[in-house]
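Residue strings, one per chain:
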Amino acid sequence: MLTKRLSACAELVSGKGIACDVGTDHAYLAAELLRNGTCREVIASDVAEGPLQAAERTLRQAGLLSKAQLILSDGLMQVPSDGVTDVIIAGMGGETIIHILEDCPWIKGGVNLILQPMTKASLLREWLCGKGFDIHEERIVSEGKFFYTVIKAMFSGKKYTLSDFEKELGRPDWSDETVKEYGRFRLSHYRKLSQQMAAALPEAAEYYGKLAEELAGKCSEEEDT
Ligand SMILES: C[S@@+](CC[C@H](N)C(=O)[O-])C[C@H]1O[C@@H](n2cnc3c(N)ncnc32)[C@H](O)[C@@H]1O
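Residues numbered from 1 in each chain as written. Predicted model: local features only at pLDDT ≥ 70, side-chain atom pairs only at ≥ 80, totals over all residues. Heavy atoms only, no water.

**Digging into empty space enclosed by the protein**
Over the atoms rolls a probe the size of a water molecule, and its path tells where empty space is left. So the rule is basically this: Lining residues are defined by having an atom within 4 Å of a point belonging to a cavity or pocket. Those points lie on a 1 Å grid over the protein atoms alone, cavities being sets where a 1.4 Å probe fits but cannot get out and pockets being open sets with protein on both sides within 12 Å along at least five of seven lines. Grid points are joined across faces, edges and corners, and a volume is the space filled by probe spheres set on the points. Three categories are distinguished: nonpolar for Ala, Val, Leu, Ile, Met, Phe, Trp, Tyr, Cys and Pro, charged for Asp, Glu, Lys and Arg, and polar for the others, with Gly belonging to the last.
A full pass over the atoms with the stated rule returns one cavity of 30 Å³ or more. Counted as a void, the largest cavity has a volume near 40 Å³. For the largest cavity, the full set of lining residues is Arg125, Ile135, Glu138, Tyr160, Leu162, Glu166, Gly170 and Arg171. A per-class count over the lining of the largest cavity returns three nonpolar, one polar and four charged.

Here it is as structure tokens:
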């Protein structure tokens, strides 16, 4: 059984061909995609030997090894593009995800990207829109006291800009209860930042104040600052 974070990634896989799970670690996601029939074949890749051995164990124990290719690769460098319809990059920092995408020309050929940054989601969104990748969907999931962002994107070649608010918080479905809960969490953070910076960094304080104001509207909360 997958965690909510990995389940959200799995739900966004198109199932039209081969999914490549980059940084697969134990291959829990790759194994589930085979087990539940979303994919007939998967590629489980990782930059390190240890995780790849763990991936092999998981897939072997589940009787799914014959449907998986295990590839030692830094990002997508050693991964063949043939038949790959989906690329999942989950559980890594936003900057690492950007590097992996930057180094792979074939992801621009209609590949469905499922990206789950642990940090710097705003940087990743900015990179995606600046390089012509459409963000089709964005989900927020909560696990314990943490919230995770999952982004589904595909290259269109059309560059666009995001507002500061969209850069910071994406375009999730604000009617979703988890998204609102996440919004309230971020709201209190922005309000604190805005207050703390008011004297020494008025411009930054204004920036966070504006984010808080817009967010308060999205979360249906009364602004009380
Ligand atoms: C925290 S684990 C995430 C595992 C799984 N994807 C998940 O989300 O639960 C990060 C994995 O990514 C791998 N990794 C880190 N940088 C990588 C890179 N440049 N290319 C491929 N794999 C990488 C690590 O070796 C590790 O197994």
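**Quick word on the site of the ligand**
Note the following rule: Residues are counted as near a molecule or strand when any one of their heavy atoms sits within 4 Å of it. Two N or O atoms count as a polar contact when they lie within 3.5 Å, although within protein this holds only if one can serve as hydrogen donor and the other as acceptor, and sequence-adjacent residues are included solely when both atoms are side-chain atoms. Surface exposure here means Shrake-Rupley accessible area, sampled with a 1.4 Å probe, where a residue is shielded only by the protein chains that are shown. Comment: elements are numbered from the N terminus, with helices defined as DSSP H or I runs of at least four residues and strands as E runs of at least two.
Neighbouring residues of the ligand: 15 residues in total, closest Arg5, Gly23, Asp46, Asp74 and Gly75. One nitrogen or oxygen atom from the side chain of Arg5 is found 2.7 Å from an oxygen atom belonging to the ligand. Between the ligand and Gly75 there is a distance of 2.7 Å, counted from a nitrogen atom to a backbone nitrogen or oxygen. Protein chains shield 75% of the accessible area of the ligand, which is 600 Å² for the free molecule. Contributing elements (two or more residues each) for the shell around the ligand: helix 1 (4-11) and strand 4 (84-92). Of the residues assigned to the shell around the ligand, the class counts are seven nonpolar, four polar and four charged.

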